[in-house]
Amino acid sequence: MQVDIQGQTVEIEDQASCAQAFSNALSKKMMKQVVAARLGDTVVDLTTTIPAGTTEIIPVFDASPEGLDVIRHSTAHLMAEAVKRLYPEAKVTIGPAVDKGFYYDFDFDRPFTPEDLESIEKEMVRIAGANKPFERKVVSKAEAVSLFKGMGEDYKVEIMDDLGGDEFSLYSNGDFVDLCRGPHVPATGFLKAFKLTTVAGAYWRGDEKNRQLQRIYGTAWANPKDLKKHLQQLEEAKKRDHRKLGTQLDLFSFHEEGGAGMTYWHPKGALLRTILEDFERKEHLRRGYSIVQGPQLLKRELWEKSGHYDNYRENMYFTEIDNQAYGVKPMNCLAHMLIYKTRVRSYRDLPLRFFELGVVHRHEKSGVLHGLLRVRQFTQDDAHLLCRPDQLQDEIIGIIDFVRDIMGLFDFTFEAEISTRPEKSIGSDEDWDRATDALKNALDKAGLSYDINEGDGAFYGPKIDIAIKDALDRKWQCATIQCDFTLPERFDLVYVGEDGARHRPVMLHRVILGSVERFIGVLLEHCGGALPTWLSPEQARVLTVTSVHDEHADTVAKHLAAAGIRVHADKRNEKLGYKVREAQLEKIPYMLVIGDSEVEAGGVNVRTRSGENLGLKSPQEAVEMILADSTQPFKRGGMSYSFDACPV
RNA sequence: GCCAGCGUAGCUCAGAUGGUAGAGCAACUGAUUCGUAAUCAGUAGGUCCGGAGUUCAAUUCUCCGCGCUGGCUCCA
C-alpha cells in the first residue's frame, strides 16, 4: 500500500515498515513541516496496522487528547534520558503519560531533591534543544534482553518477561534507549512546554511489599501557552481548597493537640452541617425510610460474628469496659440488623429502610488524611434496606434515583463504577454473582454507564461507587450502594413469607452523600465557598450606613428572621464599603443596605454577592426573593424543595 | 504505614554563617457618622510545633516524636 507521509510517498507493507518509513521520513527534514501540517485529526499509532486504503497519514502532536498523550509520554522519555545522563546509576522502570502530565519511576539509592529536579529540568531543556530524533526499532527478545542486561536495567527485563512475546519495540533518542510501544513525537524538539512538579515514593508495580521507587512527576503541554494556563489553573484551584475556605469562612478547624483526622465544627460550619442533615432526614422520611439510631460501641464478639474483626480490624478502634472488649463502630450495619431482629418480620413488612446519620470511626493510615475529605471520624448518611429478593432490583433503582436527585440538586456530575469481589471477603461465589448482576442490571435500567473495578468490593459484597470531583479534578467517592447476601446469613435475619416459611432477606448498604464531612469538603470546592442560599449559614446581612439607621435595620432584620431567614444586622461604626467588603468575603448571598433613603422609603437596598445591585425593595419583597432563592428545584423529576416548607 | 517537603502572632507571610524575632490583616482602645470590596491613630499579642542532644549560647545544627502538604498503598 502506498501512503503519503507529509508529502513523501512511501510504500508500506506492514506495521514495522510503516514505523520505519514514518521514522525515516520525519527524522530527515520533515520536522518543521509536520508541525505546520498538524491540523489533521488522524492519529498515527505505530503499534497498529495502517488500515487498507489509507492514502495520507497526518501525525497528531497537538492539543488533542491523543496528541497530548504522545507529547507527555515522549516527555517522560526525555526526562529519563536527562536522569540517566546526570545520574547514570539510576535504573529506569516505567514512565507513562497521565492526566495532565507524566511520571517516570526510577530505582536510585538516594532520594531526588528539589534541586535535583531543577538540574534534571535544565538538562531536559538542553536535550530538547538538540532536537534529537526518536527512532523506533523492533528487535528479538534475546537481543532486547541482552541490551538491557548489559546496561544493568533489570526492571526492563522483568517487564519483557511479564509481557511475553518474541519481539519488542525500542525507542531511542540520542544515547537513551527504552523499551516502549510508542508512539512518540518525531524528535525531542517537539517538546517545548513541560515542567517537573514533584518527587514521590511509589512502589514497584504498585505493591506495598515491593521496593519503593522514586517517582518524578511532571506536566507537559502542546505549547508554552497551555502550560502557563495549566499552572494558573492550579493556582486558582488552590484558592478553592476547602481547607483554606474552612479557615476563611470560619467553618471548621483541626487540632494537633486533639489528634489527627478529627474535625472541630465552628458555629457556622456546625450550622451548615445541621441544615444539610435536616434536609437529609426529611428527604429520607419522604422516600419511605425510617430513622433509627445505634450505639458507638458494640461488643467485640459481634464484630467477630460479622467478619469485621477478621477483615477490617486494622481500621477499627477497640476499648475495654469491665473486662469486656468493645469495638468502636466503623460502620452502622450491625446495629441496624439487631433492630431488624427485635421482632418477627413478615414479607408484608418489607422492604424496611433504616436510615441513620451514623458517626463512625476508622483508623485511617496517617499518610492518607486530607482535610475534610479523609478523616478518622465522620458521619455517614447511612441506610440499610432489607428486602425480599424479588424487591431487590426496584430498591436499587430507587436508590440510584435518589442519588441522581441529590447530585443534580447540587449540580454535581458523577461517575459510576461497579466493584467486584476482593481477595479478602466472605460469602459464596453464587451470592457474589447474583449481587453483582443485580447491581449491573439496575444501572443498565437506569441508563447509567459505568466502569468495572475488579476486586475492589467491600468484604461482604459488591458495590456501585459514585464519585464526584474536587477543585483539582481528583475523584472522591461519595455515594455507594452495596449488595449483601452474607451478613443477613451470618446474623440469621429472616422474614415469614406468604407460604408461612422462613426466608432470608437481602440487605443493601448505601450512602447518598457518603460522609457529611467529605461531601461538605467537595461542595465547598465546587462552589468556591459561595454556598447555595438554602445552605448558607448566614443568608442575609443588613448593613447600615451610619448609626442613625440602626433602628430601621433592627426592624428589617426581625422581619426577615420571622420569615425563617438566617440574618444578622451589621451596625458597627464602620464605613459601608468596609462592611460590604467583609460580607462579600464571607460570601453572604444577600446584603441589605440601609441609609437615609431606605429609612425614608421603609425599604432596603439589595446587593447580591455576585456584585449585582437589585435596587430598593420592601422588606417583604426581600423576604420573598430570598425564600424563592432558598428553594432549589430538583433537576430531575420536577420536584422542588424548600428547607422550611418541606413536608415531614 | 512508606517516600519527599514543610511547621515563626488568630490569619497570610518576612527573618538571622547559632547571640531568645518582625510586617500586613484581624483583636483591643480612642477619634471619626461616613452610600456598595479596606477611615485614621494608638495598644497588646510569640516556650519561633514538642522532647532530647551538640554548644558558653539552639527558633536556627543533629536525633526522636507530633502535625500538615504532595504522592504511593488504602478508602466514605
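Predicted, not measured: the structure shown is a model, and the values here were computed from it.

A. Highlighting the environment of His336. Along the chain, His336 falls in helix α11 (residues 333–340). Taking the C-alpha atoms as reference points, His336 and Glu356, separated by 20 residues in sequence, lie 8.9 Å from one another. If sequence neighbours within four positions are ignored, His336 has contacts with Val292, Phe354, Glu356, Asp382 and His384.

B. Expanded view of the sheet that holds strand β18 (residues 345–346). Spatially, β18-β25-β26 is the arrangement adopted by the three strands of the open sheet, whose pairing is mixed. Pairing within the sheet leaves two strands with one partner each, and these edge strands are β18 and β26 (502–503). Across two bridges, strand β25 (residues 495–496) lies against β26 in antiparallel orientation. Within β26, the residue paired with Val496 across the bridge is Arg502.

C. Empty space enclosed by the protein, seen in detail. Per the stated rule, a full pass over the model turns up four cavities of 30 Å³ or more. Residue lining of the largest cavity: Leu249, Leu251, Lys268, Gly529, Leu531, Ser536, Pro537, Glu538, Glu586, Lys587, Ile588 and Arg609, and that is the complete set. Looking at the lining of the largest cavity residue by residue, the class counts come to five nonpolar, two polar and five charged.

D. Representation of the protein's contact with RNA strand B. Close to RNA strand B lie 56 residues; Gln212, Ser366, Arg374, Asn573 and Arg581 are nearest. In the interface set of RNA strand B, defined as its atoms within 4 Å of the protein, sugar plus phosphate atoms amount to 49%. Within the side chain of Arg607, a nitrogen or oxygen atom sits 2.8 Å from a sugar or linking oxygen of RNA strand B. Elements represented by at least two residues in the surface near RNA strand B include exactly β10 (193–203), β11 (212–221), β24 (475–484), β27 (506–515), α17 (576–585), α18 (596–601) and β31 (604–608). If you tally residues by element for the surface near RNA strand B, the top one is α17, at seven residues.

E. Structural context of the confidence of the model for chain A. On average, residues of chain A score 85 in pLDDT, and 87% of them are at 70 or above. Every residue in residues 634–648 scores below 50 in pLDDT, and together they form 42 contacts with partners more than four places removed in sequence or on other chains. The complex prediction reports pTM at 0.87, with the ipTM value standing at 0.94.

F. Highlighting the packing of aromatic side chains. Considering all chains together, one arrives at 16 aromatic pairs under this definition. Arranged with centres 5.5 Å apart and planes meeting at 50 degrees, the rings of Tyr87 and Phe108 form a pair that is tilted. Taken together, the positions of Tyr87 in the loop between α2 (65–86) and β4 (91–92) and Phe108 in the loop between β6 (101–107) and α3 (114–130) put the pair 21 residues apart, joining distant regions of the chain. Take Tyr87 and Phe108: they sit in the same class, and that class is buried. Ring geometry for Phe410 against Phe519: centres 4.9 Å apart, planes inclined by 75 degrees, an arrangement best described as edge-to-face. Taken as a pair, Phe410 in the loop between α12 (392–409) and β21 (415–419) and Phe519 in helix α15 (residues 516–527) lie far apart in primary sequence, 109 residues in all. There is no split in this pair, since Phe410 and Phe519 are both buried. Taking NZ or CZ as reference, Arg215 lies 3.7 Å from the ring centre of Tyr103, over its face. Just above the ring of Phe491 sits the side chain of Lys305; from NZ or CZ to the centre is 4.7 Å.

G. Looking closely at the packing of helix α16 (residues 550–562) against helix α19 (residues 619–629). With their axes 10 Å apart at the nearest point, α16 and α19 run at an angle of 40 degrees to one another. Classified by the angle their axes make, α16 and α19 are oblique. The two elements α16 and α19 meet at a crossing, and its hand is right-handed. Between α16 and α19, the contacting residues are Val556, His559 and Leu560 on the first element and Pro619, Gln620, Val623 and Ile626 on the second. Here the contact of α16 with α19 is built from residues that sort into five nonpolar, two polar and no charged.

H. Quick look at the pairing of strand β9 (residues 176–179). Along β9, one buried face is formed by Phe176 and Asp178 and the opposite face, lined by Val177 and Leu179, is buried too. Direction of pairing for strand β8 (residues 167–173) relative to β9: antiparallel, over a ladder of four bridges. Bridge pairing links Tyr171 to Asp178 in β9. Connecting β8 to the antiparallel partner β9 that follows it, the hairpin turn spans two residues, and Gly174 within it adopts a positive phi of roughly 65 degrees.

The rules behind the values
Residue numbers run consecutively from 1 along every chain, following the written order of its sequence. Both sets of labels track the order of writing: A upward for chains, 1 upward for ligands. Where totals are concerned, whole chains, interfaces and linings use all residues; where local detail is concerned, this predicted model gives features only for residues with pLDDT of at least 70, and gives and counts side-chain atom pairs only at 80 or more. With hydrogens and water excluded, all non-hydrogen atoms of the structure serve as input to the side-chain values. Strands are runs of DSSP state E lasting at least two residues, helices are runs of H or I lasting at least four, and both sets are numbered from the N terminus onward. Contact criterion: two residues are considered in contact whenever any of their non-hydrogen atoms come within 4.5 Å of each other. Criterion used throughout: strands pair if DSSP finds at least two bridges between them. Buriedness for pockets is judged along seven lines, at least five of which must meet protein on both sides within 12 Å for an open set on the 1 Å grid over protein atoms alone, while cavities are sets there where a 1.4 Å probe fits but cannot get out, and lining residues have an atom within 4 Å of a point. Grid points are joined across faces, edges and corners, and a volume is the space filled by probe spheres set on the points. Under this grouping Gly is polar, as are all residues other than the nonpolar Ala, Val, Leu, Ile, Met, Phe, Trp, Tyr, Cys and Pro and the charged Asp, Glu, Lys and Arg. Any residue with at least one heavy atom within 4 Å of a molecule or strand is counted as near it. Polar contacts, as counted here, are pairs of nitrogen or oxygen atoms within 3.5 Å of one another; within protein the pair requires one atom able to donate a hydrogen and one able to accept it, and residues that are adjacent in sequence qualify only if both atoms are side-chain atoms. Along the chain, pLDDT gives the predictor's confidence residue by residue, from 0 to 100. When two rings of Phe, Tyr or Trp (its six-membered ring) have centres within 6.5 Å they constitute a pair, described as stacked for plane angles under 30 degrees, edge-to-face for angles over 60, and tilted for the intermediate range. Three labels apply to residues, based on accessible area from a 1.4 Å probe with only protein chains included: buried if under 20% of the type maximum, exposed if over 50%, partly exposed otherwise in between. In our convention, an over-ring charge means Lys NZ or Arg CZ found within 6 Å of a ring centre and within 35 degrees of that ring's normal. Axis definition: a line fit to C-alpha positions, over the contact stretch in the case of helices; interaxial angles, taken between N-to-C directions, run 0 to 180 degrees. Working rule for angles: under 35 degrees goes down as roughly parallel, over 145 as roughly antiparallel, 65 to 115 as roughly perpendicular, anything else as oblique. The handedness criterion is simple: a crossing whose near helix is rotated anticlockwise from the far helix by less than a right angle is left-handed, and one whose near helix is rotated clockwise is right-handed.

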